[in-house]
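So the chains spell out like this:
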Amino acid sequence: MRKNKIKKIIFIILSFQLIISCSGGKNDESVKTEKNQEAKNESFLNEANKIETSGNSQNQVNKKGNKEKFGNEEVGYIDFPEGWKEIDDTKTSITSKVIEKDYQSIRLDIIDNNKGKNLEQLRDSMAEEARNLYKTSIIEKKEATINSYPAKQILIKMPDDTVILMSLLNVNEKFYYIEIIGNEEEVKENFEFINNSWNN
């Protein structure tokens, strides 16, 4: 049961990497890579089983001040939450940083906005793609702030009670992407944690 849940979460993450590539701009090499993505999905799902059974993942911890931080200068930082571990998801996005705990995950990434869209246009494009992919899900567009930075959000409620919260931020014309997956209460709690600790 748990393996099936993790496989579903990994598949959701892969799907939304395609949404990001549709809403932002990718270079020619990225587009070529995305055309081969469907053929690679099975190997990604096999990786989910390794994540489930491994237990050997090592936290990649950055020191910034006196606190342990997760992330890097490219995607931003959050405080490293206790009990979480980093997973290698560079096959999905070479810039992505992901941590997980049980059924929950947090992703920090950036969006290559070659098409010159503003934050609201990016969010609207991603929401439309989400509606096409997940016709039985509840999809809401929201506004928020993350550590005082304005954010555009998409909240997706899946039929199995999985919730995905996607946040987009524009900080000095650099577009950041923060994704939280879990149940409704976990997503709410993890968003508050990120809101209090995210910085670039």
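The rules behind the values
- Residues numbered from 1 in each chain as written.
- Predicted model: local features only at pLDDT ≥ 70, side-chain atom pairs only at ≥ 80, totals over all residues.
- Heavy atoms only, no water.
- Helix = DSSP H or I, 4+ residues; strand = E, 2+ residues; numbered from the N terminus.
- Buried < 20%, exposed > 50% of the residue type's maximum accessible area, 1.4 Å probe, protein only.
- Contact = heavy atoms within 4.5 Å.
- Areas by Shrake-Rupley, 256 points an atom, 1.4 Å probe, with all protein chains shown as cover.
- Salt bridge = Lys/Arg side-chain N within 4 Å of Asp/Glu carboxyl O.
- Polar contact = N/O pair within 3.5 Å; in protein donor to acceptor, adjacent residues only side chain to side chain.
- pLDDT = per-residue confidence, 0-100.

Draft legend 1. Broad picture of the overall build of the protein. Counting its secondary structure elements, the protein contains 5 helices and 10 strands. For the protein, the residues scored as buried account for 46% of the 200 residues in total. Sequence separation of at least 24 residues holds for 54% of the intrachain contacts in the protein that already meet a minimum separation of 6. Accessible area for the protein stands at about 10,700 Å²; split by element, carbon and sulfur atoms hold 45% of it.

Draft legend 2. Structural context of the pattern of salt bridges. Across all of its chains, the model carries 10 salt bridges by this definition. One salt bridge in this structure joins Lys141 and Asp124, with 3.1 Å as the shortest N-O distance. You can see Lys141 sitting in strand E7 (residues 138-146) and its partner Asp124 sitting in helix H4 (residues 119-133), a full 17 residues away along the chain. Residue classification places Lys141 among the partly exposed residues on the basis of a relative accessible area of 44%. Accessibility expressed as a relative area gives 29% for Asp124, which makes it partly exposed.

Draft legend 3. Local environment of the side chain of Ser96. If you trace the backbone, Ser96 turns up in the loop between strand E4 (85-87) and strand E5 (97-101). Within the local environment of Ser96, its side chain forms a polar contact with the side chain of Arg107, the two groups lying 2.5 Å apart. Contacts of Ser96, omitting those with residues within four sequence positions, involve Asp89, Arg107, Leu108 and Asp109.

Draft legend 4. Structural detail: the side chain of Lys97. Inspection of the secondary structure puts Lys97 in strand E5. Accessibility expressed as a relative area gives 18% for Lys97, which makes it buried. Reaching out from Lys97, the side chain makes a polar contact with the side chain of Glu86 at a distance of 3.0 Å. Contacts of Lys97, omitting those with residues within four sequence positions, involve Phe70, Gly71, Asn72, Val75, Glu86, Ile106, Arg107 and Leu108.

Draft legend 5. Representation of the confidence of the model for the protein. Put simply, the protein has an average pLDDT of 77, and 66% of its residues get 70 or more. With pLDDT under 50 throughout, residues 25-61 is counted as low confidence; its partners more than four residues away or in other chains account for 52 contacts.

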